[in-house]
2 protein chains.
Amino acid sequence: MNARNCLEVLRKIKDVAFATVDEAGKPQVRIIDVMLVEGECLYFCTSRGKDFYQQLERDGNVAVTALTPEFQMVRLNGRARRLENQKEWIDRIFEENPSMNDVYPGESRYVLEPFAIDCGEVEFFDLGVTPISRESFPVGGGEVSEKGFVISDACIGCGKCLRGCPQQCIEEGTPFRIMQEHCLHCGRCFEECPVQAILRR
Amino acid sequence: MNARNCLEVLRKIKDVAFATVDEAGKPQVRIIDVMLVEGECLYFCTSRGKDFYQQLERDGNVAVTALTPEFQMVRLNGRARRLENQKEWIDRIFEENPSMNDVYPGESRYVLEPFAIDCGEVEFFDLGVTPISRESFPVGGGEVSEKGFVISDACIGCGKCLRGCPQQCIEEGTPFRIMQEHCLHCGRCFEECPVQAILRR
Ligand code: SF4
Ligand code: SF4
Ligand code: SF4
Ligand code: SF4
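Since the model is a prediction, treat every value here as computed from it, not as a measurement. (Residues numbered from 1 in each chain as written. Chains lettered and ligands numbered in written order. Predicted model: local features only at pLDDT ≥ 70, side-chain atom pairs only at ≥ 80, totals over all residues. Heavy atoms only, no water.)

**Details of the site of ligand 4**
Operational definition: Being near a molecule or strand, for a residue, comes down to having at least one heavy atom within 4 Å of it. When residues are grouped by polarity, Ala, Val, Leu, Ile, Met, Phe, Trp, Tyr, Cys and Pro land in nonpolar, Asp, Glu, Lys and Arg in charged, and all others, Gly among them, in polar.
Around ligand 4, the surrounding shell holds 13 residues, and the nearest of these are Cys165, Cys183, Cys186, Gly187 and Cys189 of chain B. Residues belonging to the shell around ligand 4 are distributed by class as follows: 10 nonpolar, 2 polar and 1 charged.

Written out as structure tokens, the structure reads:
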């Protein structure tokens, strides 16, 4: 996988969840079509009357997710920017997504504004394999944020974390080591280590 | 439809998007299983190590959405509260959702905490019919927030809004009237009314 593949999975699923934060600081989410993906850029649109549009214009932070039929979750976090050349983009989007004409016939399409997400990070989280598998990629100039847990040199090698890990993704060593690509971030090892050798990242 | 039916649609889809706000005020979203629905209450769980858990404990505001195969979008906005009797609830959830044992075998299930959403509002938005159709319901003691646009007495009856409405959901009268149950909230009428008779709610 890479960032581009992840965005292409979102385009293939097409109807994906877009989350924003409203003016009261509360989460908002709705299903929106992914209209195009080119390289490391995902395109969508929304109409100027919607709360979603206002939230994007005020803030621009957006989190996108969807699940494939094979239980692979893609999560994209980034910034959405409104595109210049509105009419050209909307015409192009309608050409590639003709069913949009059913909802916005004729000239009414121009109440829509095109947006692109081309900077952020994307995660591919495969729940359809054992152990689970996850991988993150920067999108555009974005950065990948490290999450989950890590075992420090304070580890005394007792093995309690390994025995209790639901995904069996800790390996012996000095110190013991979490295989991050298979970790659920559940926190069980963190809670159970007798010497607090496991740190939250 | 009613609130209960909407929650049952989410339970049937099962893998739905849950959005929260993180400590930096940014949106976060992931796919989570709806574990149970009883009356006007939706149950889910997450593990104590996850960012999602931290966000729920700090704030509790959550927005949930999913799309049916018939293009009906359900959106639930409410507050999630963590349940007492953690072990009982987790055992019950695992009984009703046995595939959870694949991810959290044995005792590791108790790193999960049960949550309920039983206060908020839910919207049913049907994109599979023409014109589109929407309806909102309070959940528990929640309140429905009015959105979209409304035509005021300043309307001069010119008919421009009606001619331009992509869903043809404005009817003549004094003043003209938006059929809210069929409105996209696109804002085209609002932008085009020559006398600014249309107000944002
Ligand atoms: S439980 Fe703690 S001390 Fe024991 S092996 Fe794991 S990290 Fe090391
Ligand atoms: S966070 Fe959970 S899945 Fe990850 S290593 Fe620790 S116990 Fe295993
Ligand atoms: S465009 Fe404005 S003035 Fe004309 S009918 Fe519609 S609401 Fe009334
Ligand atoms: S907001 Fe859009 S769909 Fe709703 S009445 Fe106005 S033009 Fe029609």
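Now, onward.
**What to know about the side chain of His185 of chain B**
Rule in force here: Labels follow the DSSP assignment, with helices taken as runs of H or I lasting at least four residues and strands as runs of E lasting at least two, numbered in each case from the N terminus. Contact definition: two residues touch when any of their heavy atoms are within 4.5 Å.
Structurally, His185 of chain B can be placed in the loop between β11 (177–178) and α6 (188–192). Residues in contact with His185 of chain B, not counting those within four places in the same chain, are Ser47, Gly49 and Lys50 of chain A together with Arg134, Lys147, Gly148 and Phe149 of chain B.

**Examining the pattern of salt bridges**
A pair can form between side chains of opposite charge whenever their charged atoms are brought close. Put simply, the rule is: Just to be clear on terms, a salt bridge is a Lys or Arg side-chain nitrogen sitting within 4 Å of an Asp or Glu carboxyl oxygen. Relative accessibility thresholds used throughout: buried, under 20% of the residue-type maximum; exposed, over 50%; partly exposed, between the two (1.4 Å probe, protein chains only).
Applying the stated criterion to the full structure yields 30 salt bridges over all chains. A salt bridge links Glu191 of chain B to Arg48 of chain A; the shortest N-O distance between them is 2.5 Å. In this pair, Glu191 of chain B sits in helix α6 while Arg48 of chain A sits in the loop between β4 (41–47) and α2 (51–58), so the two residues belong to two different chains. Overall, Glu191 of chain B belongs to the partly exposed group, its relative accessible area being 39%. Across the pair Glu23 of chain B and Arg58 of chain B runs a salt bridge, and its minimum N-O distance is 3.8 Å.

**Here's the deal with the interface of chain B and chain A**
Which entries qualify depends on this criterion: Buried area is calculated as the accessible area (1.4 Å probe) missing from two parts once they are joined, with the contributions of both summed. For the purposes of these results, a polar contact is taken to be a pair of N or O atoms within 3.5 Å, where, inside protein, one atom must be able to donate a hydrogen and its partner to accept one; residues adjacent in sequence count only when each atom of the pair is a side-chain atom.
Across the contact, 49 residues belong to chain B and 49 residues belong to chain A. With both sides pooled, the region where chain B packs onto chain A buries about 3900 Å², and carbon together with sulfur makes up 57% of that total. On the chain B side of the contact with chain A, Pro27, Val29 and Ile31 of chain B bury the most area, a combined 15% of that side's loss. Counting across the chain B and chain A interface gives 2 salt bridges. Along the contact surface separating chain B from chain A lie 16 residue pairs in polar contact (both at pLDDT 80 or more). The element best represented in the side of chain B that touches chain A is strand β5 (residues 61–67) of chain B, accounting for 7 residues. For the side of chain B that touches chain A, a count of residues per class yields 21 nonpolar, 14 polar and 14 charged.

**Some points on the packing of aromatic side chains**
The cut-off we apply is this: Whether two aromatic rings pair depends on their centres lying within 6.5 Å, for rings of Phe, Tyr and Trp, where Trp uses its six-membered ring; planes under 30 degrees apart make the pair stacked, over 60 edge-to-face, and the rest tilted. Over a ring means this: the NZ of a Lys or the CZ of an Arg is within 6 Å of the ring centre and within 35 degrees of the ring normal.
Going through the model one piece at a time under the given rule, you end up with 14 aromatic pairs over all chains. Look at Phe44 of chain B and Phe52 of chain B: their rings are 5.8 Å apart centre to centre, the planes differ by 25°, and that puts the pair in the stacked class. Note on accessibility: Phe44 of chain B and Phe52 of chain B belong to one class, buried. With a centroid separation of 6.0 Å and an interplanar angle of 70°, the aromatic rings of Tyr53 of chain B and Phe115 of chain B are classed as edge-to-face. Here Tyr53 of chain B is found in helix α2 (residues 51–58), whereas its partner Phe115 of chain B is found in strand β7 (residues 112–126), with 62 residues between them in sequence. By the ring-pair criterion, three or more aromatic residues cluster together here, those being Phe18, Phe44, Phe52, Tyr53 and Phe115 of chain A. Sitting above the plane of the Tyr110 of chain A ring, Lys87 of chain A keeps its charged end 4.6 Å from the centroid. The ring of Phe190 of chain B carries the charged tip of Arg200 of chain B above its face, separated from the ring centre by 5.4 Å.

**Some remarks on helix α1 (residues 3–13) of chain B**
All names here are of chain B. Applicable threshold: Think of the arc as the fan of directions from the helix axis to the C-beta atoms.
Among the residues of α1, those classed as buried are Ala3, Cys6, Leu7, Val9 and Leu10. Take α1 and look down its axis: the buried residues cluster within an arc of 150°, on one side only. The N-cap of α1, judged by a side-chain oxygen 3.1 Å from the amide nitrogen of Arg4 a few residues on, is Asn2. Of the residues flanking the end of α1, it is Lys14, one or two places downstream, whose phi is positive at about 70°.

**Describing the pairing of β4 of chain A**
Residues and elements named next belong to chain A. We count it as follows: We treat two strands as partners when DSSP finds at least two bridges between them.
Judged by how many residues are buried, β4 sits mostly within the fold: 7 of 7 residues are covered. Neither face of β4 is exposed, since Cys41, Tyr43, Cys45 and Ser47 on one face and Leu42, Phe44 and Thr46 on the opposite face are all buried. Alignment of strand β3 (residues 36–38) against β4, held across 3 bridges, turns out to be antiparallel. Counted as the bridge partner of Leu36 is Tyr43 from β4. Between β3 and β4, which pair antiparallel in sequence order, lie 2 residues; one of them, Gly39, sits at a positive phi of approximately 55°. Two elements, β4 and strand β7 (residues 112–126), share 6 bridges in a ladder whose sense is antiparallel.

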